[in-house]
Amino acid sequence: MHGFTALAPNGRHLAVLPLLLALSAHVHAPALAGDYPDRTVKIVVPFPAGGTADAVPRIVGEWLSRKWGQPVVIENRTGAAGNIGSETAYRSAPDGYTLLSSPPPPLVINQSLYPKLGFDPTRFEPVIVMAQVPNALIVNPDNVKASSVTELIEYLRNNPDKLTCATQGNGTTSHLTSELFQLMTRVKLRHIPYRGSAPALQGLLAGDVDVMFDNLGVSLPLVQAGKLKLLAVASPARLPALPDVPTIAETLPGFEAVAWYGIVAPPDTPKNITDKINADVNEVLRQPEVQEQLRKLSADIFGGSIDKTSKYMREEVDRWAAVIKSANIQLQ
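The model shown is predicted, which means the values in this text are computed figures rather than measured ones.

### Observations concerning the packing of helix α2 (residues 52–68) against helix α9 (residues 271–285)
- In contact at an axis separation of 10 Å, α2 and α9 are set at 110° when each is read in the N-to-C sense. Considering their axes alone, α2 and α9 lie roughly perpendicular with respect to each other. Viewed along their axes, α2 and α9 form a crossing whose handedness is right-handed. Contact residues: α2 offers Val60, Trp63, Leu64, Lys67 and Trp68, while α9 offers Lys276, Ile277, Asp280, Val281, Glu283, Val284 and Leu285.
- Of the residues that constitute the contact of α2 with α9, the class distribution is eight nonpolar, no polar and four charged.

Structure below.
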């Protein structure tokens, strides 16, 4: 189909050019939104199975599979703070059959931390943010006697650098939330990075560390079991499911740190495809059964348009870049 230019010089076959161009365009055209999807759709999750980052797209993917009549497969490609799986999705064909579902790090944080990435996060095609889960300030009750954010701040100011703070690892939202807390309160916590939320929580449960800012969906069951103490949540407003738990912002106005779970497509994925995925995921998020499943993860529905998603992600880039710069965070 690429030899049609040779017909032009003699002038007699120029009329054939429009037909050949049309045929060529048809061969290379992406699937029409009305035909999409007509085969399996893969959603790459760049973090391990079992956590909220994996659970949210599985819930949504199961419903999409029913709606589309096609399998929706979750593929966990882990490593390098989400960068490995994200690069895999980034380099996939821009046809809507490989998508990326991820929390903030590879989409809005890592470009401010890593001097060189194998992909450009700003070139992903935003589709939707499915849900948000606030980070929460939790403590080991045997190690920390404070019962409120105010009491914790007062203790830290009187005992600088005494308490240790577990995080999910360098550059995670857990880590950056702790840095934001220290910036806004002018206190100091000793950072103890773990490899993920589960081992960090184990360290907190064992009393090896004192404090942690963690995804509420993961830590709430341990709080409800009486093993950990929840001082406050990092959402802008109190959670309807936990009306008696204050927000950190009630003590530190403007404090906000939530983990969110977005879907993006490889660069240059056609708009008609991303529009369809956006519309269908929004429909899934309106299902009462899906809302109940997400509520059990302490997740709030986000949803909305692609424009809303793009704007939110840009704001998140700026928010965390400012924290990284102010706290002078550098990966070791």
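After that view, the rundown keeps rolling.
### What to know about the confidence of the model for the protein chain
- Looking at the protein chain, pLDDT values average 89 and 90% of them are 70 or higher.
- Across residues 1–31 the pLDDT falls below 50, and counting only partners more than four positions away or on other chains, this stretch makes twelve contacts in the model.

### A look at the packing of aromatic side chains
- For the structure shown, the criterion picks out nine aromatic pairs.
- Within the aromatic cluster, the residues linked to one another by ring pairs are Tyr36, Trp68 and Tyr97.
- The ring centre of Trp63 lies 4.4 Å from the NZ or CZ of Arg66, which sits over that ring.
- The positively charged end of Lys308 is found above the aromatic ring belonging to Phe302, 4.2 Å away from the centroid.

### Regarding the environment of Leu100
- Along the chain, the position of Leu100 falls in strand β3 (residues 98–102).
- The class for Leu100 is buried, based on a relative accessible area of 0%.
- Once you skip the residues sitting within four places of it in the chain, Leu100 turns out to touch Ile43, Val44, Pro46, Gly85, Ser86, Ala89, Leu107, Phe124, Gly262, Ile263 and Val264.

### Some remarks on α9
- With 15 residues, α9 should cover 21 Å at 1.5 Å per step; its first-to-last C-alpha distance of 21 Å lies within 8% of that length.
- Those residues of α9 that fall on the buried side of the exposure criterion are Ile273, Thr274, Ile277, Asn278, Asp280, Val281, Asn282, Val284 and Leu285.

### Observations concerning the side chain of Glu179
- Tracing the backbone shows Glu179 in helix α6 (residues 173–185).
- In this view, Glu179 contacts Val323, Ala327 and Ile329; residues no more than four positions away in its chain are not counted.

### Quick word on empty space enclosed by the protein
- With the rule as written, the count across this model stands at one cavity of 30 Å³ or more.
- In this structure, the largest cavity occupies an estimated 30 Å³ of space.
- Lining the largest cavity, in full, are Glu256, Ala257, Val258, Tyr312, Glu316, Arg319 and Trp320.
- Sorting elements by how many residues they give to the lining of the largest cavity places helix α11 (residues 306–326) first, with four residues.
- Considering only residue class, the lining of the largest cavity consists of four nonpolar, no polar and three charged.

Quick notes on the rules
- In this numbering scheme, every chain counts its residues from 1 along its sequence in written order.
- Where local features are concerned, this predicted model is filtered to residues with pLDDT of at least 70; where side-chain atom pairs are given and counted, the filter is 80 or more; whole-chain, interface and lining totals use all residues.
- Values reported for side chains reflect all heavy atoms of the structure, with hydrogen atoms and water molecules removed beforehand.
- For helices, the fitted line uses only the C-alpha atoms of the stretch in contact; every axis is such a line through C-alpha atoms, and the angle between N-to-C directions lies from 0 to 180 degrees.
- The secondary structure listing takes helices from DSSP runs of H or I that are at least 4 residues long and strands from runs of E that are at least 2 residues long, numbered from the N terminus.
- Here the word oblique covers every angle except those under 35 degrees (roughly parallel), over 145 (roughly antiparallel) and from 65 to 115 (roughly perpendicular).
- Here is the rule for handedness: rotate from the far helix to the near one, and if that takes an anticlockwise turn smaller than a right angle the crossing is left-handed, while a clockwise turn gives right-handed.
- We call two residues contacting when some pair of their heavy atoms lies within 4.5 Å.
- Gly counts as polar in this scheme, as do all residues outside two lists: the nonpolar Ala, Val, Leu, Ile, Met, Phe, Trp, Tyr, Cys and Pro, and the charged Asp, Glu, Lys and Arg.
- What pLDDT conveys is the predictor's confidence in a given residue, as a value from 0 to 100.
- Ring geometry is summarised as follows: Phe, Tyr and Trp rings, the Trp one being its six-membered ring, pair when their centres sit within 6.5 Å, and such pairs are stacked at plane angles under 30 degrees, edge-to-face over 60 and tilted between the two.
- Remark: a charge is flagged as sitting over a ring if the NZ atom of Lys or the CZ atom of Arg is within 6 Å of the ring centre and within 35 degrees of the ring normal.
- In this scheme, a residue with accessible area under 20% of its type's maximum is buried, one over 50% is exposed, and one in between is partly exposed, where area comes from a 1.4 Å probe on protein chains only.
- Expected span of a helix: the number of residues minus one, times 1.5 Å.
- Cavity and pocket criteria rest on a 1 Å grid covering protein atoms alone: a 1.4 Å probe that fits but cannot get out defines a cavity, protein on both sides within 12 Å along at least 5 of 7 lines defines an open pocket, and an atom within 4 Å of a point defines a lining residue.
- Grid points are joined across faces, edges and corners, and a volume is the space filled by probe spheres set on the points.

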